[in-house]
Amino acid sequence: MRLFREIFAYALFAAIVGLLSVWPRYALVDAEEAIISLSFSHAGKRVGECRTLSQEELNELPPNMRKPTDCPRERHPVRVELRSGDDLLYKDLLAPSGIWADGKANVYCRIVVPAGIHEIFVGMNDGVIEDGFAFQNQASVDIRPGRNLVIHFDEQSQQFLFQ
Amino acid sequence: MIERVHSIGRGAFRLLRRPFSRAFDSEQNPLNYLGALTVFFLWIILVSGIWLLIFFRTSVSAAFDSVEYLTREQWYLGGVMRSLHRYASDAAIITILLHVIKEFVFDRYRSVRWFNWVTGIPLIWIVFPLGITGYWLVWDELAQYVAISSAELIDRIPIFTDSMAGNFLSDDVLSDRFFTLMAFLHLIGLPIFLVFGIWLHVFRLSGPRINPPRRMMAAALLCMLVLSAVFPAVSHEKANLAMTPQVLRLDWFYLHVYPLIQMWSPGWVWALLIGVSSVIVIAPWAPPAKKILPAVVDLGNCNGCRRCVDDCPFGAVEMVPRTDGLNYSHQASVSSNLCVSCGLCVGACPTATPFRSRSALIPGIDMPDRSAADIREDIIRHGARQSGSTHVLVFACDGDQQAEILRRAGVDVVTLNCMGHLQPSYIDFVLSRRYTDGVLLLGCQDGNCNYRYGALWTEQRVGRQRDPRLRKRTDTGRIALGWMSPWSEHADVVKKYEAFRDKVQRDHPVGETVEPAL
């Protein structure tokens, strides 16, 4: 009798292991939903203008540090906005990275949207301009259920790409 | 407050333990070998993992296909190995969880036992990434979800300038180097830390129980094999970063936190993980402080026999060169940082005998809070109270709930720090001096002993297999080893006591001569 109880106990243990390793199922998105991923890194403009050093100033510097211009390290934050039609999906003011605030600003976000046709607008401002965007793109995109639409900023072509 | 939490936890564990006690002997009860079972599952993971490694290919394009080959084409071996690898990993989480809960609710983590508790926390932090990186390597939809969510979690650590999650936006930007990194972590980096961590976790223990009994190992392996055969582990669809997986068969043992990353945010998940870990780490020092009075050595009575050293389960006693000029080479020395005040050293000391009458009962090593002389006084007091009917004296561990039930039922109970605290000559003493007709030793089951080896040493001493042995003249028919778990079948303890008393009465009627002490 004890042996049967022992077998039952191990069988129950195995059942719990097997069950919880796959169940309950987890629905990441609904069947009629998709994802828009906005991800890029971009350095904002420097907060001040670069100044050209005079020959006297250059002479005072050690030979290995004689850069012709002196630029402030700190950069502007980057303003980003993502809309689908009139719906605002994402808006943020991204601080530059680094303890001297001189690195790139990074954005990474995943937004669940209903599948279908979306009028996508994405804009970014990396300087002092208060209104409008220095870079922007707009497109009508048919996002199929389950699709992961990636929006990123291509530094080479200096434009937003929808993939 | 903390005692209340322990008490509630013990009640819950008692409920869990009850069916286990009915199904298993104490020697085969998995609840007595949770740490050792975890190590055994790690062995299964290691062996099955080596087989998987032979066929696994660490690249974005080939990883999934190589796992599919193992699962489908080589199902009879590779598929079984894969399932074993996965299910043993899941089973290890159950045993780890129960191990942690058990040590906590039975208060085996405070005072000098903090070290084993605290060194267990990094092991948990190693085991989870080990499992998670394993899921990553399959590179199916679940791996895609795990990779992206893990990257989002890591991105929250404010030391990275570039987003790691940005590497999983499309198949074009994903690099094989990520697989190399994950494979390194899963196959070499984390396992090395795990082995070192396990060593650190147990190295302060004397004679740590690393392996469960062979029969239990065979049963656990068979259990995993049957599960693997009946319900083989399979992959999701191949990862496709252009699409988002919709419904996943999540392994809740390892990935239970992941849905919270989406529901809350990576920052809150870090706060939860760090918060819970911090609470666990500082738990041993939470008030009220647990006072431990370490064993003390009386050099005048210590002859340096080293039995206390051999029997201490925590390595708290060591032999050092003699300091008092007596004609012995060594003397016992107690480390107060390691002594848990169990009294097993006193139970092992040949000088802790209650027959001593010419001098005061001061053994070579003794417990300040429960001295050998106190125990003898208790015995004499209980013996003086006994009536003309058959009397059974109970020796029980301090705080034992079954002993409390017996005491409330009017039974004479002498408490000890642990059952191993009882030097066998006390049994001879109470029977030969006719303080009682029978002796019931009410200790914890072997695997459940609060001080690891108290019940086992007692069993061996009474069985005349371990020094100090019970004298041959002592009738073992008058002795019962009540190795009943303190957490099961409480209602039975009075019945068991009465049954034993009836047996003693039947076999040894009152008035029968007991061989006198020499």
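Our subject is the structure that appears above.
The following paragraphs examine the structure supplied in this document. Here the structure is a predicted model, which is why all the values come from computation and not from measurement. (Residues numbered from 1 in each chain as written. Chains lettered and ligands numbered in written order. Predicted model: local features only at pLDDT ≥ 70, side-chain atom pairs only at ≥ 80, totals over all residues.)

1. Notes on the overall build of chain A
Now for step 1: A count of helices and strands for chain A gives 2 helices and 11 strands.
Now for step 2: Going from the N terminus to the C terminus, chain A shows its helices and strands as α-β-β-β-α-β-β-β-β-β-β-β-β.
Now for step 3: A compact globule built from 163 residues would reach a C-alpha radius of gyration of about 15 Å, whereas chain A, at 27 Å, exceeds it by more than 25%.
Now for step 4: Along the first, second and third principal axes, the C-alpha atoms of chain A reach 100 × 45 × 25 Å.
Now for step 5: Counting all 163 residues of chain A, 27% fall into the buried class. (Helix = DSSP H or I, 4+ residues; strand = E, 2+ residues; numbered from the N terminus. Rg over C-alpha atoms; globule rule 2.2 N^0.38 Å. Buried ≥ 20, exposed ≤ 12 C-beta atoms within 10 Å, placed from the backbone.)

2. Regarding the sheet that holds strand S7 (residues 105-114) of chain A
Across a sheet, strands are paired by hydrogen bonds formed along the backbone, either parallel or antiparallel in direction.
Residue and element names in this part refer to chain A.
Now for step 1: Pairing is mixed across the open sheet formed by 4 strands, whose spatial order is S7-S2-S10-S11. Among the strands making up the open sheet, the edge pair consists of S7 and strand S11 (159-162). Each adjacent strand pair in this sheet contributes to an overall mean axis angle of 15 degrees, direction not counted. (Pairing = 2+ DSSP bridges. Axes fitted to C-alpha atoms, helices over the stretch in contact; angles between N-to-C directions.)

3. A few points about the interface of chain A and chain B
Now for step 1: Facing 35 residues of chain A, the contacting portion of chain B comprises 37 residues.
Now for step 2: Of all elements in the fold, only helix H1 (2-20), strand S1 (26-27), strand S2 (33-42), S7 and strand S10 (148-154) of chain A reach the threshold of two or more residues within the side of chain A that touches chain B.
Now for step 3: If one sorts the elements of the side of chain A that touches chain B by residue count, H1(A) sits on top with 10 residues.
Now for step 4: Here the side of chain A that touches chain B is built from residues that sort into 16 nonpolar, 13 polar and 6 charged. (Contact = placed C-beta atoms within 7 Å. Nonpolar A, V, L, I, M, F, W, Y, C, P; charged D, E, K, R; others polar.)

4. Considering the packing of helix H6 (residues 120-138) of chain B against helix H8 (residues 176-202) of chain B
Residue and element names in this part refer to chain B.
Now for step 1: Closest axis-to-axis distance for the H6/H8 pair is 9 Å, and the angle between their directions is 160 degrees. With respect to each other, H6 and H8 are oriented roughly antiparallel. Classified by chirality, the crossing of H8 by H6 is left-handed. Each of Gly-120, Pro-122, Leu-123, Ile-126, Val-127, Pro-129, Leu-130, Thr-133, Gly-134, Trp-136 and Leu-137 in H6 lies in contact with H8, whose residues at this interface are Met-182, Ala-183, Leu-185, His-186, Leu-190, Phe-193, Leu-194, Gly-197, Ile-198 and His-201. (Parallel < 35°, antiparallel > 145°, perpendicular 65-115°, else oblique. Left-handed = near helix turned anticlockwise from the far one by under 90°.)

5. So, unusual backbone geometry
Most of the time, phi is negative for any residue but glycine, and the peptide bond is trans.
All names here are of chain B.
Now for step 1: Residue Pro-288 is reached from Pro-287 by a cis peptide bond, and omega for that bond is 0 degrees.
Now for step 2: Among the structural elements, Pro-288 can be located in the loop between helix H12 (266-282) and strand S2 (296-297).
Now for step 3: Non-glycine residue Ser-111 carries a positive phi angle of around 55 degrees.
Now for step 4: Along the polypeptide, Ser-111 turns up in the loop between helix H4 (75-105) and helix H5 (114-118).
Now for step 5: The phi dihedral of Arg-452 falls on the positive side, at around 75 degrees, and the residue is not glycine.
Now for step 6: Tracing the backbone through its elements, the reader meets Arg-452 in the loop between strand S8 (438-442) and helix H18 (454-462).
Now for step 7: Its 25 C-beta neighbours within 10 Å are what place Arg-452 among the buried residues.

6. Things to note about helix H3 (residues 63-73) of chain B
Residues and elements named next belong to chain B.
Now for step 1: Of all the residues in H3, the buried ones are Ala-63, Phe-64, Val-67, Leu-70 and Thr-71. For H3, the angular spread of buried residues about the axis comes to 130 degrees, placing them on one side.
Now for step 2: In this structure, the buried residues of H3 make contact with helix H2 (34-55), H4, H6 and H8. (Arc of directions from axis to C-beta.)

7. So, the environment of Ser111(B)
Residues and elements named next belong to chain B.
Now for step 1: On the basis of neighbour counts, which here come to 17 C-beta atoms within 10 Å, the residue Ser-111 falls in the partly exposed class.
Now for step 2: The spacing of Ser-111 and Ser-336 is 225 residues in sequence and 11 Å in space, taken between C-alpha atoms.
Now for step 3: Not counting residues up to four positions away in its chain, the partners in contact with Ser-111 are Lys-290 and Ile-292.

8. Let's talk about helix H9 (residues 214-230) of chain B
Now for step 1: Compared with an ideal rise of 1.5 Å per residue, which puts 17 residues at 24 Å, H9(B) spans 24 Å between its outermost C-alpha atoms and is within 8% of the ideal.
Now for step 2: Among the residues of H9(B), those classed as buried are Met216(B), Ala219(B), Ala220(B), Cys223(B), Met224(B), Leu227(B) and Ser228(B). (Expected span 1.5 Å × (residues − 1).)

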